[in-house]
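Examining the three-dimensional arrangement
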Amino acid sequence: MSIWEYANPVKFIRTTDKLLPWLSVAAVVSLVGGLVWGFFFTPEDFRQGSTVKIIYLHVPSALMAINAWLMMLVASLIWIVRRHHVSALAARAAAPVGAVMTVIALATGAIWGQPMWGTWWAWDPRLTSFLILFLFYLGYMALWSAIENDDTAADLTSILCLVGSVFAVLSRYAVNFWNQGLHQGASLSMDKEENVADIFWYPLLVCIAGFVLLFIALVFLRTQTEIRARRARALIARERMA
């Protein structure tokens, strides 16, 4: 059995149909459990007070915004190398989900930053690279919509995805590249001195798991929709030629 078998649209739909109910339930349980645990059963931070609890939305959404683009990069590379339509459609399906995650991360970051920094926005390296990443998401979706031929659209958006990956990496490591800026270091780290306290850490992990499962479920669902829409366009085009 090879992973490339799932490049077959019929097999992909059949397999994901079986997985979607389980993924959806697991996502809801993880999200509700993690958010309730984090918002109602953790103490206030001695410096940040109750605003620290925004971490349970901000960190998972920021993590998924970056990783969604990296998933699109992998899918785009598969399209370029092997020309599997499911991979190109999966990348297209992930873009709106990643864009929403980016908006959530930017919005919660502004809400968190205002009482801490005294401003809703600063041209901090990480914030700026994240904003540019969001613009790449918009450009990616616009490019897909602007081109009628699916294969041509997949080719051009794959190239755009390669370029945008630079800003996805910068969004993650900007604090390490440049010392200046208001944004703090990573909340999740192998270094115990930099990592958040365990009382915040465990519910945060549950929230991250919920966001990951939600992302996978939404991408599966949207990829199925894209496959069916592509099939419908092909049938309509065939009828017109006939």
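Residues numbered from 1 in each chain as written. Predicted model: local features only at pLDDT ≥ 70, side-chain atom pairs only at ≥ 80, totals over all residues. Heavy atoms only, no water.

Stated precisely, the cut-off is as follows: UniProt positions are given in the numbering used here, feature names are shortened, and annotations may be inferred rather than shown by experiment.
The name an unreviewed UniProt entry gives the chain is Heme exporter protein C, with Thetidibacter halocola as the organism. One UniProt comment on the chain, placed under Function (unreviewed entry), says "Required for the export of heme to the periplasm for the biogenesis of c-type cytochromes." In its Sequence similarities (unreviewed entry) section, the UniProt record describing the chain reads: "Belongs to the CcmC/CycZ/HelC family."

Some thoughts on the confidence of the model for the chain
For the record, the criterion: Scored from 0 to 100, pLDDT reflects the predictor's confidence in each residue. Strands here mean DSSP runs of E at least two residues long; helices mean DSSP runs of H or I at least four residues long; both are numbered from the N terminus.
When pLDDT is averaged along the chain, the result is 86; 88% of the residues meet or exceed 70. Averaged over each element, pLDDT in the chain is lowest for helix 5 (residues 150-177) (81) and highest for helix 1 (residues 9-40) (95).

Description of helix 2 (residues 55-82)
This is how the line gets drawn: Expected span of a helix, by definition, is 1.5 Å for each gap between consecutive residues, and there is one gap fewer than residues.
Under the 1.5 Å per step criterion, the end-to-end length of helix 2 is 39 Å for 28 residues, consistent within 8% with the ideal 40 Å. Positive phi appears at R83, one or two residues downstream of helix 2, with a value of about 60°.

Focus on the pattern of salt bridges
Any two side chains of opposite charge can pair, given that their charged atoms come close. The line we're drawing: By convention in these notes, a salt bridge is any Lys or Arg side-chain nitrogen within 4 Å of a carboxyl oxygen on Asp or Glu. Here the term buried applies to any residue with accessible area under 20% of the maximum for its type, exposed to any over 50%, and partly exposed to those in between, with areas from a 1.4 Å probe on protein chains only.
For the coordinates displayed, the defined rule picks out seven salt bridges. With its nearest N and O atoms 2.9 Å apart, the salt bridge here joins R83 to D155. Here R83, found in the loop between helix 2 and helix 3 (85-117), pairs with D155, found in helix 5; they are 72 residues apart in sequence, far enough to count as distant. On the basis of relative accessibility, which here comes to 38%, the residue R83 falls in the partly exposed class. We classify D155 as partly exposed; its relative accessible area is 27%. Close ionic contact of R230 with D151 constitutes a salt bridge, the shortest N to O distance being 3.8 Å.

Some words on the UniProt feature "transmembrane region" (unreviewed entry) in the chain
As recorded in UniProt, the sites labelled "transmembrane region" (unreviewed entry) are residues 20-41, 61-81, 93-115, 127-147, 159-179 and 199-221. Taken end to end, residues 61-81 has its terminal C-alpha atoms 30 Å apart, with 100% of it in helix and 0% in strand. The span residues 199-221 carries 100% helix and 0% strand; its end-to-end C-alpha distance comes to 34 Å.

Thoughts on the packing of helix 3 against helix 4 (residues 125-146)
Selection rule: Note on definitions: angles span 0 to 180 degrees between N-to-C directions of axes, and those axes are lines fitted to C-alpha atoms, for helices only across the stretch in contact. Roughly parallel means an angle under 35 degrees; roughly antiparallel means over 145; roughly perpendicular covers 65 to 115; every other angle is labelled oblique. By definition, any crossing whose near helix is turned counterclockwise from its far helix by less than a right angle is left-handed, and any crossing with a clockwise turn is right-handed. We call two residues contacting when some pair of their heavy atoms lies within 4.5 Å.
At a closest axis distance of 9 Å, the pairing of helix 3 and helix 4 adopts a crossing angle of 150°. The orientation of helix 3 relative to helix 4 falls into the category roughly antiparallel. For the pair helix 3 and helix 4, the sense of crossing is left-handed. Contacts from A88, A91, R92, A95, P96, G98, A99, T102, V103, A105, L106 and W117 in helix 3 reach L127, F130, L131, F134, Y137, Y140, M141 and W144 in helix 4.

A word on the packing of aromatic side chains
Cut-off, in case you're wondering: Side-chain rings of Phe, Tyr and Trp, where Trp is taken by its six-membered ring, are said to pair if the distance between their centres is within 6.5 Å; with planes under 30 degrees apart they count as stacked, over 60 as edge-to-face, and otherwise as tilted. A ring is scored as having a charge over it whenever the NZ atom of a lysine or the CZ atom of an arginine sits within 6 Å of its centre and within 35 degrees of its normal.
The final tally for this structure, using the stated rule, is five aromatic pairs. Their ring planes at 70° and their centres at 6.0 Å tell us that W69 and Y140 sit as a pair that is edge-to-face. Here W69 is found in helix 2, whereas its partner Y140 is found in helix 4, with 71 residues between them in sequence. The cationic tip of R82 hangs over the ring face of W4; the distance from NZ or CZ to the ring centre is 4.1 Å.

Quick word on the packing of helix 1 against helix 6 (residues 198-241)
Condition: Residues were grouped as follows: Ala, Val, Leu, Ile, Met, Phe, Trp, Tyr, Cys and Pro as nonpolar; Asp, Glu, Lys and Arg as charged; and all remaining residues, including Gly, as polar.
Contact pair helix 1 / helix 6: the axes reach a minimum separation of 7 Å and the direction vectors enclose 150°. Classified by the angle their axes make, helix 1 and helix 6 are roughly antiparallel. When the axes of helix 1 and helix 6 are compared, the crossing they make is left-handed. Looking at the contact of helix 1 with helix 6 residue by residue, the classes come out as 24 nonpolar, eight polar and two charged.

Here's the deal with the side chain of T42
Put simply, the rule reads: Under this definition, polar contacts are N or O atom pairs within 3.5 Å; protein pairs additionally need one hydrogen-donor-capable and one acceptor-capable atom, and for neighbouring residues in sequence, both atoms have to be side-chain atoms.
By the element assignment, T42 lies in the loop between helix 1 and helix 2. In terms of polar contacts, T42 uses its side chain to reach the backbone carbonyl oxygen of G38, at 2.4 Å. Those residues in contact with T42 that lie beyond four places of it in its chain are W37, K53, Y56, I199, F200 and P203.

Brief notes about the nonpolar core
Stated formally: In these notes, a set of buried Ala, Val, Leu, Ile, Met, Phe, Trp, Tyr and Cys residues joined through side-chain atoms within 4.5 Å is what counts as a nonpolar core.
W69, M72, Y137, Y140 and F215 are the most contacted members of the largest nonpolar core, which totals 34 residues. Elements represented by at least two residues in this core include exactly helix 2, helix 3, helix 4, helix 5 and helix 6. A total of 10 residues in this core trace back to one element, the largest contributor, which is helix 2. The residues touching F215, leaving out its near neighbours within four places in the chain, are M64, A68, M71, A94 and V97. The next biggest cluster of nonpolar side chains, apart from the first, holds 12 residues, and it includes I54, I55, V196 and L204.

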